[in-house]
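# Inside the fold
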Amino acid sequence: MDTQVVIIGGGPSGLLLSQLLNRAGVATVILERGTRERVLSRIRAGILEWGSVEMLREAGVSARMDAEGIPHDGTLITDADMVVHVDFKRLTGRRVMVYGQTEVTQDLYAAQDAMGTPIVHGVEDVRIADLDGPGAAVEYTLDGQRRRLTCAFVAGCDGFHGVSRKTIPAAKRQEFERVYPFGWLGILSRTPPVADELIYANSPHGFALASMRSETLARYYVQVPLTDRVEDWPDDRFWAEFKRRIPSDAAARLVTGPSIEKSIAPLRSFVSEPLRWGRLFLVGDAAHIVPPTGAKGLNLAVSDVFYLHQALIAALKRGDTAGIDAYSARALARIWKAMRFSWQMTTMLHRFENEDSFAARMRRATLAHLAASETAQRDLAENYVGLPY
Ligand code: FAD
Ligand code: DHB
């Protein structure tokens, strides 16, 4: 056998799984389609649940996160000038950490390099074979040459567009999907964030989110129609639209500046079941997508890795296969709860095209209830900081 686990995809799921397995003495090879620069240039998630923070500590990659990450004890949820402060710390005893996916990925690459893990970039035409035999194999093309790696298990960490999920025969897969009729236009700007905490803003003009990466780097989003292109949104238009969606006191103190990144992401809920097919296990975006409103995408990838790394270590080190047999059901139980929360947050905070006048009143009433009810706040806080593994 060439290695114990072949990991397809060198995004956060693949890197974290590899790091945890290597630390337990399990050998891995990571196959990544893109260059390292490309993986690191993607600005994506910004909020870590505390469970994710603890996983990164366990993986030995927390030094920079602990030094530079910003713990947040709560968040603001607003509708025009109605402002609800949800105090995570008081309501749940837990908090979240502002630390970008790019930084997490960079820290994981550095740790994997230090471990000497083979990470093969630029692989093409990856194909998974022999999944129901005594061992599995992964074939791929590198520099025009076809290659083959044999292994005990394959981890499909190759995102929504990867090959792993599609390796499971369509007749054996069940997919659940909701596509939302809007996307998020996000910008990064070297300006001080408008508030100390995040602002999730509902407004008659649509949703906006004020987030951050550091004290000098702001990350802001506005809901846009799916037909919009980045070129439709010069900076001036973005700032004007963002200002009219956030509460007026925040708009008054907003510092604007040139955007240094701008992109549009569509919103979708998606789950593919099961997560296991013979010796193949799906992890993270390869198996499920959430709309970003609850900040769950990266955190769900981390909880999948939590279940799978324990299961693979038990199987490979002790011959105990109970964990790999239970992986799909255990991970899916948590995934569906995060699906529900992300869908609910999305519904509560976005304006749907051609909606009736009732829908806007329901959003406002949901927020009014949140403002008045500690029970409702605790429910939101409990989900936002992350349900137990
Ligand atoms: P990915 O990060 O997608 O990594 C998969 C890796 O596999 C990639 O590096 C890819 O190049 C590689 N790969 C793909 N196919 C192959 C192949 N055939 N062979 C080899 N390698 C392959 N989440 C949030 O919580 N908040 C956000 O604000 C947020 N914003 C997002 C914006 C965008 C545009 C997207 C797409 C996602 C966003 N997410 C966000 C979700 C979050 O980034 C993902 O949940 C997270 O990246 C999942 O990590 P992953 O490693 O499972 O998948
Ligand atoms: C960020 C993205 C989210 O989807 C979210 O809910 C919170 C923060 C961010 O990019 O900072």
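Note that the coordinates shown come from a computational prediction; the quantities given were computed from them, not determined experimentally.

### Considering the overall build of the protein chain
Counting its secondary structure elements, the protein chain contains 13 helices and 20 strands. By the compact-globule yardstick of 21 Å for 389 residues, the protein chain fits well, its C-alpha radius of gyration being 21 Å. Dimensions of the protein chain, computed from C-alpha atoms along their principal axes, come out at roughly 65 × 40 × 40 Å.

### Brief notes about the site of ligand 1
Neighbouring ligand 1 are 33 residues, the closest being Gly9, Gly11, Gly159, Gly284 and Gly297. Mapped onto the shell around ligand 1, the elements with two or more residues apiece are helix 1 (12-23), strand 2 (28-32) and helix 10 (297-318). Along the lines of polarity and charge, the residues of the shell around ligand 1 split into 14 nonpolar, 13 polar and six charged.

### Looking at the sheet that holds strand 13 (residues 174-189)
In space, the eight strands of this open sheet follow the order 6-5-14-15-16-13-17-20, with mixed pairing throughout. Edge positions in the open sheet fall to strand 6 (82-87) and strand 20 (288-289), since each of these has one partner strand only. As paired elements, strand 5 (residues 74-79) and strand 6 share six bridges and run antiparallel to each other. Bridge assignment links threonine 78 to a residue of strand 6, and that residue is valine 83. Strands in contact with helix 11 (residues 322-349) are strand 13, strand 14 (199-202), strand 17 (259-273) and strand 20; relative to strand 17, the strand with the most contacts, it is inclined by about 130°.

### Details of the UniProt feature "domain: FAD-binding" (unreviewed entry) in the protein chain
On the UniProt side, "domain: FAD-binding" (unreviewed entry) is annotated at positions that read residues 2-342 here. Secondary structure content for residues 2-342 is 34% helix and 33% strand, and the end C-alpha separation is 40 Å.

### Regarding the nonpolar core
Here is a general trend for soluble globular proteins: nonpolar side chains tend to be buried in one another's company. Grouped together as the largest cluster of nonpolar side chains are 106 residues, with contacts concentrated most on Leu17, Val154, Ala155, Leu209, Val283 and Leu308. Other than its neighbours up to four places away in sequence, valine 154 contacts Val6, Ile8, Ile128, Ala136, Val138, Arg279 and Leu280.

### A closer look at the environment of lysine 262
Tracing the backbone through its elements, the reader meets lysine 262 in strand 17. Through-space distance from the C-alpha of lysine 262 to that of isoleucine 187 is 4.5 Å; in sequence the pair is 75 residues apart. Apart from the residues within four sequence positions on either side, lysine 262 is in contact with Ile187, Val230 and Trp233.

### Thoughts on the packing of helix 1 against helix 6 (residues 101-115)
Close contact between helix 1 and helix 6 brings their axes to 9 Å; oriented N to C, the two are set at 35°. Our pair here, helix 1 against helix 6, has a crossing hand that is left-handed. Note on element contacts: helix 6 touches helix 1 through Gln101, Val104, Thr105, Leu108, Tyr109, Ala111, Gln112 and Met115, opposite Pro12, Leu15, Leu16, Ser18, Gln19 and Asn22. Split into classes, the residues belonging to the contact of helix 1 with helix 6 amount to eight nonpolar, six polar and no charged.

### Regarding the packing of helix 3 (residues 50-58) against helix 10
Where helix 3 meets helix 10, the closest approach of the two axes is 9 Å, and the angle between their N-to-C directions is 55°. By the angle class used here, helix 3 and helix 10 are oblique. Here the hand of the crossing between helix 3 and helix 10 comes out left-handed. Seen from helix 3, the contacting residues are Gly51, Ser52 and Met55; seen from helix 10, they are Asn299, Val302, Ser303 and Phe306. The class makeup of the residues in the contact of helix 3 with helix 10 is three nonpolar, four polar and no charged.

### Quick notes on the environment of arginine 318
Along the chain, arginine 318 turns up in helix 10. Sequence-wise, arginine 318 and threonine 35 are 283 residues apart; in three dimensions their C-alpha atoms are separated by 36 Å.

### What about helix 1?
Since one α-helical turn is 3.6 residues long, residues separated by three or four positions face the same way. Its 12 residues place the ends of helix 1 16 Å apart at the C-alpha level, agreeing with the 16 Å of an ideal helix rising 1.5 Å per residue. Across the 12 residues that make up helix 1, a large majority, 10, are buried. Against the buried residues of helix 1 lie strand 1 (5-8), strand 2, helix 6, strand 12 (153-156) and helix 10. Trailing helix 1 by a residue or two, glycine 25 shows a phi angle of about 85°, which is positive.

### Here we look at the pairing of strand 10 (residues 136-142)
Direction of pairing for strand 9 (residues 124-129) relative to strand 10: antiparallel, over a ladder of four bridges. Bridging from a neighbouring strand, isoleucine 128 pairs with valine 138 of strand 10. Taken together, the seven bridges between strand 10 and strand 11 (residues 145-151) define a ladder with antiparallel strand orientation. Paired with tyrosine 140 across the strands is arginine 147, a residue of strand 11.

### Focus: the sheet that holds strand 3 (residues 47-48)
Pairing is antiparallel across the open sheet formed by three strands, whose spatial order is 3-7-4. Either end of the sheet is taken by a strand with one partner, and the two such strands are strand 3 and strand 4 (70-72). Two strands pair when backbone bridges link them, and strand 4 and strand 7 (residues 96-98) are joined in this way by three bridges, in the antiparallel orientation. Its bridge partner being in strand 7, isoleucine 70 is matched across the sheet by valine 98.

So, how was this worked out
- Residues numbered from 1 in each chain as written.
- Chains lettered and ligands numbered in written order.
- Predicted model: local features only at pLDDT ≥ 70, side-chain atom pairs only at ≥ 80, totals over all residues.
- Helix = DSSP H or I, 4+ residues; strand = E, 2+ residues; numbered from the N terminus.
- Rg over C-alpha atoms; globule rule 2.2 N^0.38 Å.
- Near = placed C-beta within 6 Å.
- Nonpolar A, V, L, I, M, F, W, Y, C, P; charged D, E, K, R; others polar.
- Pairing = 2+ DSSP bridges.
- Contact = placed C-beta atoms within 7 Å.
- Axes fitted to C-alpha atoms, helices over the stretch in contact; angles between N-to-C directions.
- UniProt positions renumbered as here; feature names shortened; annotations may be inferred.
- Core = buried A, V, L, I, M, F, W, Y, C linked by C-beta atoms within 7 Å.
- Buried ≥ 20, exposed ≤ 12 C-beta atoms within 10 Å, placed from the backbone.
- Left-handed = near helix turned anticlockwise from the far one by under 90°.
- Parallel < 35°, antiparallel > 145°, perpendicular 65-115°, else oblique.
- Expected span 1.5 Å × (residues − 1).

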